[in-house]
Amino acid sequence: LGWTENRFQLKEMSGVAGRTFSAHTIRLRFNTRPDDWVLSLKATAAHEFAHAWHYEQRGETTTFIWQHVLDEAITQNFAEHVYPDYETPWRRRHSNGKIAGFWSDVKARELDRRIDEVGRSIPLYINDSDEVQYPNWLGYSMSYLLGKELLEARELEEMPSMSRQELVDAGDRLFTKA
């Protein structure tokens, strides 16, 4: 646990940010000034725990963006299940329709990129720069909706072994304009 004074985290993330480095290491930073920091801290802890669980199931962290999308599909839905009364600022920020406008680009340009090529902050998820290719939180909303779709046909415990193609097929069902 640590303290944050990061303006973006205070304004956009209810004063709480987390990061899971491995199945055994999670970092949470928070600030008590935002009104809903306690609920945000609880939901973030659940979210980060789900990352650690996923990494343990896989035997490693994610290597490619498509694996991170699946990882976030798991964590977004797990956190919602554990803390249904707390709505994160990103889970439902973008609608199916808005995500659909980016889906073909995400499939073609992002899914096969390596995490280490993108850097620590993946612009598909958190975009706090002036160079906006994707709206802030797009990846979280996309992953949340993908998780909902994928969980209709399987249990959460089955998701870590899913393939890229299964993820893409779910995205095509959800985000391909008719």
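What you see is a predicted model, and the numbers here were worked out from it, not measured in a lab.

*Asks:* Tell me what's going on with the overall build of the protein chain, and back it up with residues and numbers.
*Replies:* Within the protein chain one finds seven helices and three strands. Listed by position from the N terminus, the elements making up the protein chain come as β-α-β-β-α-α-α-α-α-α. For 178 residues, the compact-globule estimate of 2.2 N^0.38 gives 16 Å, and the C-alpha radius of gyration of the protein chain, at 15 Å, lies within 12% of that figure. In terms of overall dimensions, the protein chain has a C-alpha envelope of 45 × 35 × 35 Å along the principal axes.

*Asks:* Kindly report on the packing of aromatic side chains, identifying the contributing residues and their values.
*Replies:* This model, assessed by the stated rule, comprises 10 aromatic pairs. Between Phe-30 and Trp-37 the ring centres are 5.4 Å apart and the planes differ by 10 degrees, which places this aromatic pair in the stacked class. Look at Phe-30 and you get buried, because its relative accessible area is 16%. An aromatic cluster is built from Phe-8, Trp-90, Tyr-125, Trp-137 and Tyr-140, whose rings are joined through pairwise contacts. Directly above the ring of Phe-64 sits Arg-114, whose terminal nitrogen or CZ lies 5.7 Å from the centroid.

*Asks:* Can you break down the packing of helix α4 (residues 96-110) against helix α6 (residues 138-151) residue by residue, with the values?
*Replies:* Relative to each other, α4 and α6 sit at 100 degrees, their axes nearing to 10 Å. Taken together, the axes of α4 and α6 are roughly perpendicular relative to one another. Residues Asn-96, Ile-99, Phe-102, Trp-103 and Val-106 of α4 touch α6, and the partners they reach there are Leu-138, Ser-141, Met-142 and Leu-145. By residue class, the composition of the contact of α4 with α6 is seven nonpolar, two polar and no charged.

*Asks:* Explain the sheet that holds strand β3 (residues 25-30) to me, using residue names and the numbers behind them.
*Replies:* The three strands are arranged β1-β3-β2 in an open sheet whose pairing can be described as mixed. Two strands bound the open sheet, and with one partner strand each, they are β1 (2-3) and β2 (16-22). Summarising the sheet, β1 and β3 pair through two bridges and their orientation is parallel. Note on β3: the bridge partner recorded for Trp-3 is Phe-30. Where helix α2 (residues 37-58) meets the sheet, its contacts fall on β2 and β3, and the angle it forms with β2 comes to roughly 15 degrees.

*Asks:* Describe α6, listing the residues and the values that go with them.
*Replies:* Its 14 residues give α6 an end-to-end C-alpha distance of 20 Å, which sits within 8% of 20 Å, the value for a rise of 1.5 Å per residue. Within α6, 12 of the 14 residues are buried, leaving the element largely enclosed by the surrounding structure. Every buried residue of α6 is listed here: Leu-138, Gly-139, Tyr-140, Ser-141, Met-142, Ser-143, Tyr-144, Leu-145, Leu-146, Gly-147, Glu-149 and Leu-150. Taken together, the buried residues of α6 touch α2, α3 (65-82), α4 and α7 (164-175).

*Asks:* Just give me the short version of the pattern of salt bridges, but keep the residues and values in it.
*Replies:* Tallied over the full model, the rule gives 13 salt bridges. Between Asp-116 and Arg-114 there is a salt bridge, with its nearest N and O atoms 3.2 Å apart. Under the relative-accessibility criterion, Arg-114 is labelled partly exposed at 33%. What emerges from the salt-bridge pattern is a single network uniting Glu-80, Glu-87, Arg-91, Arg-92 and Lys-148.

Cut-offs and rules
Residues numbered from 1 in each chain as written. Predicted model: local features only at pLDDT ≥ 70, side-chain atom pairs only at ≥ 80, totals over all residues. Heavy atoms only, no water. Helix = DSSP H or I, 4+ residues; strand = E, 2+ residues; numbered from the N terminus. Rg over C-alpha atoms; globule rule 2.2 N^0.38 Å. Phe/Tyr/Trp six-rings, centres within 6.5 Å; stacked < 30°, edge-to-face > 60°. Buried < 20%, exposed > 50% of the residue type's maximum accessible area, 1.4 Å probe, protein only. Lys NZ or Arg CZ within 6 Å of the ring centre and 35° of its normal. Axes fitted to C-alpha atoms, helices over the stretch in contact; angles between N-to-C directions. Parallel < 35°, antiparallel > 145°, perpendicular 65-115°, else oblique. Contact = heavy atoms within 4.5 Å. Nonpolar A, V, L, I, M, F, W, Y, C, P; charged D, E, K, R; others polar. Pairing = 2+ DSSP bridges. Expected span 1.5 Å × (residues − 1). Salt bridge = Lys/Arg side-chain N within 4 Å of Asp/Glu carboxyl O.

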